[in-house]
Amino acid sequence: MRKLIVGNWKMNGLQVDSSILIQKLVDLWASKSSEYDLLICPPAHLLITLGQMIQSSNIALGGQDCHNEKTGAHTGDISAEMLKDAGCDYVIVGHSERRVEHNENNALIRSKAIAAQDAGLVPIICIGENAEEKEDGRTLDVVGEQIKHSLPPGQGFVVAYEPIWAIGTGCAATPKEVVETLNYIRTVLAKRYGEAEADAIRILYGGSINPKNAGKFLTMDSIDGALIGGSSLDAEDFWAIGISCLTDKEKKD
Ligand code: PGA
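Description of the structure in this document. Because the structure is predicted, anything quoted here is derived from the model rather than measured. (Residues numbered from 1 in each chain as written. Predicted model: local features only at pLDDT ≥ 70, side-chain atom pairs only at ≥ 80, totals over all residues. Heavy atoms only, no water.)

Thoughts on the overall build of the protein chain
Stated formally: Strands here mean DSSP runs of E at least two residues long; helices mean DSSP runs of H or I at least four residues long; both are numbered from the N terminus. In this setup the radius of gyration rests on C-alpha atoms only. A globule is expected at 2.2 Å times the number of residues raised to 0.38. Only protein chains enter the calculation, and the probe is 1.4 Å; a residue is then buried if its accessible area is under 20% of its type maximum, exposed if over 50%, and partly exposed in between. Residue contacts are defined here by distance: any two heavy atoms, one from each residue, within 4.5 Å place the two residues in contact. Each accessible area is a Shrake-Rupley estimate made with a 1.4 Å probe; only the visible protein chains count as cover when residues are assessed. Positive charge is attributed to Lys and Arg, negative charge to Asp and Glu, and no charge count is given to His or to the chain ends. Here the site of a charge means NZ on Lys, CZ on Arg, CG on Asp, or CD on Glu.
Assigned secondary structure in the protein chain consists of 12 helices and 8 strands. For a compact globule of 253 residues, the expected C-alpha radius of gyration is about 18 Å, and the protein chain comes in at 17 Å, within 12% of that figure. Along the first, second and third principal axes, the C-alpha atoms of the protein chain reach 50 × 45 × 35 Å. Put simply, the protein chain has 253 residues, and 51% of those count as buried. Within the protein chain, contacts between residues at least 6 apart in sequence are counted, and of these 73% link residues at least 24 apart. In the form shown here, the protein chain has an accessible surface area of approximately 11800 Å², with 51% of it arising from carbon and sulfur atoms. Taking the 24 positively charged and 35 negatively charged side chains of the protein chain as two groups, their mean positions are separated by 3 Å.

Okay, here's the thing in structure tokens:
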């Protein structure tokens with residue numbers, strides 16, 4: 001499957017620095033971007049400016065969260081339709097930082113994913129266990145529950161497996177751990193959506209991916225891409241992660 005590399009900038013970036021970063025990315029990606037899909041999810045205030053800068057590149061634009069309703073009295077929130085209006089094709093929902101800092105539960109995340117689909121966006125739904133759940137050997141149970149309750153009924157979404165203990169810690173999961181969990185996720189998806197449909201769903205890994213370890217994950221068939229936080233804030237690092245999807249031959253071409 002074609003890999004998807006996502007840069008989640010979180011709450012980082014002012015206009016001048018971000019424009020420089022994006023321009024570097026556009027230049028770096030000009031030659032290689034046809035081999036895999038690249039997406040950046042900057043903070044909301046940058047979407048329109050950066051969207052214009054990437055318009056003639058292969059880089060896509062996404063939001064970091066959306067409300068589950070279309071409009072209304074929700075101070076500080078942004079709707080899926082607004083993200084679409086700003087030029088987005090994707091939106092991340094259910095990131096663990098939203099689940100923890102904003103008390104978001106599976107039911108809310110599911111309704112956000114449905115709102116995103118209704119607005120013509122592809123939701124990237126994040127799931128993953130915390131350190132305690134991992135130590136208790138409950139990873140698959142936790143992930144299974146999250147899939148059951150936070151995924152929308154219809155297709156047209158991406159799943160990102162992001163173990164919370166690996167996010168921003170410099171301590172990535174091992175490729176073996178990731179593959180085991182992703183295989184389990186695909187089995188659960190197949191039961192729910194059908195085998196052929198599940199095979200077409202992209203399942204990403206995220207958590208402390210950097211240019212040094214990216215190749216270990218991205219050369220594996222069962223890992224369909226990556227969600228990158230910290231390393232997406234440096235154009236060269238992000239580019240180096242992207243090209244680690246490529247075979248040696250593709251890198252040379
Ligand atoms: P990280 O973040 O790459 O900085 O660990 C990943 C994420 O939160 O999506």
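Considering the environment of Ala 131
Position of Ala 131 relative to the elements: it lies in helix α6 (residues 131-135). Owing to a relative accessible area of 37%, Ala 131 belongs among the partly exposed residues under this scheme. When the C-alpha atoms of Ala 131 and Pro 153 are compared, they prove to be 29 Å apart, with 22 residues separating the residues in sequence.

Things to note about the sheet that holds strand β8 (residues 225-228)
Selection criterion: Each pair of strands is called paired provided DSSP finds at least two bridges between the two strands. Fitted lines through C-alpha atoms serve as axes, helices being fitted only where they are in contact, and the angles separating the N-to-C directions of these axes extend from 0 to 180 degrees.
An order of β1-β2-β3-β4-β5-β6-β7-β8 is seen for the 8 strands of this closed barrel, with the pairing classed as parallel. The mean angle between the axes of side-by-side strands here comes to 25 degrees, regardless of whether they run parallel or antiparallel. Strands in contact with helix α5 (residues 106-118) are β4 (90-93) and β5 (122-127); relative to β5, the strand with the most contacts, it is inclined by about 160 degrees.

Some details on the pattern of salt bridges
Spelled out, the test is: The working definition used for a salt bridge is a side-chain nitrogen of Lys or Arg within 4 Å of a carboxyl oxygen of Asp or Glu.
Counted under the stated rule, the structure contains 11 salt bridges. For the salt bridge of Asp 65 with Lys 112, the shortest nitrogen-to-oxygen distance reads 2.8 Å. Of this pair, Asp 65 sits in the loop between β3 (59-63) and α3 (80-85) while Lys 112 sits in helix α5; the two residues are 47 residues apart in sequence, bridging distant segments of the chain. An identical accessibility class is assigned to Asp 65 and Lys 112; each is buried. For Lys 134, the salt bridge goes to Glu 177, with nearest N and O atoms at 2.8 Å. Taken together, the positions of Lys 134 in helix α6 and Glu 177 in helix α8 (residues 175-193) put the pair 43 residues apart, joining distant regions of the chain.

Quick look at the site of the ligand
This is how it is decided: Any residue with a non-hydrogen atom lying within 4 Å of a molecule or strand is treated as near it. The term polar contact refers here to a pair of N or O atoms within 3.5 Å; inside protein, the definition further demands a hydrogen-donor-capable atom paired with an acceptor-capable atom, and it admits residues adjacent in sequence only when both atoms are side-chain atoms. Amino acids are sorted into nonpolar (Ala, Val, Leu, Ile, Met, Phe, Trp, Tyr, Cys and Pro), charged (Asp, Glu, Lys and Arg) and polar (every other residue, Gly among them).
Looking at the ligand, there are 13 residues lining it, with Lys 10, His 95, Glu 162, Gly 168 and Ser 208 nearest. In the model, an oxygen atom of the ligand is placed 2.8 Å from a nitrogen or oxygen of the Glu 162 side chain. In the model, an oxygen atom of the ligand is placed 2.8 Å from a nitrogen or oxygen of the Gly 229 main chain. Contact with the protein chains hides 94% of the accessible area of the ligand, taken as 280 Å² for the molecule alone. Of the residues assigned to the shell around the ligand, the class counts are 4 nonpolar, 7 polar and 2 charged.

Some remarks on the nonpolar core
Note the cut-off: Nonpolar cores were defined as sets of buried Ala, Val, Leu, Ile, Met, Phe, Trp, Tyr and Cys residues, with membership established by side-chain atoms within 4.5 Å.
The biggest cluster of nonpolar side chains holds 64 residues, and the ones touching the most others in it are Ile 40, Val 159, Ile 185, Leu 189 and Tyr 205. With 8 residues, α8 is the largest single contributor of residues to this core. Setting aside residues no more than four positions away along its own chain, Val 159 makes contact with Ile 125, Ile 127, Leu 151, Ile 185, Leu 189, Ile 201, Arg 202, Ile 203 and Leu 204. In terms of nonpolar packing, the next biggest core, distinct from the first, is built from 13 residues, Leu 4, Ile 92, Ala 160 and Leu 204 among them.

Digging into α8
For clarity, the threshold we go by: One less than the residue count of a helix, multiplied by 1.5 Å, gives the span that helix is expected to have.
With 19 residues, α8 extends 26 Å between its outermost C-alpha atoms, agreeing within 8% with the 27 Å of an ideal straight helix rising 1.5 Å per residue. By the burial criterion, the buried members of α8 are Val 178, Val 179, Thr 181, Leu 182, Ile 185, Arg 186, Val 188, Leu 189, Ala 190 and Tyr 193. The elements touched by buried residues of α8 are β5, α7 (139-150), β6 (158-161), α9 (195-199), β7 (203-206) and α10 (214-218). At the C-terminal side of α8, Gly 194 shows a positive phi close to 100 degrees.

Some thoughts on the side chain of Glu 162
Tracing the backbone through its elements, the reader meets Glu 162 in the loop between β6 and α8. An unpaired buried charge is present at Glu 162: no salt bridge exists, and Lys 10, the closest side chain of opposite charge, is 6.4 Å distant. Those residues in contact with Glu 162, other than ones at most four positions away along the chain, are His 95, Cys 126, Ile 127, Gly 128, Ile 167, Gly 206, Gly 207 and Leu 227.

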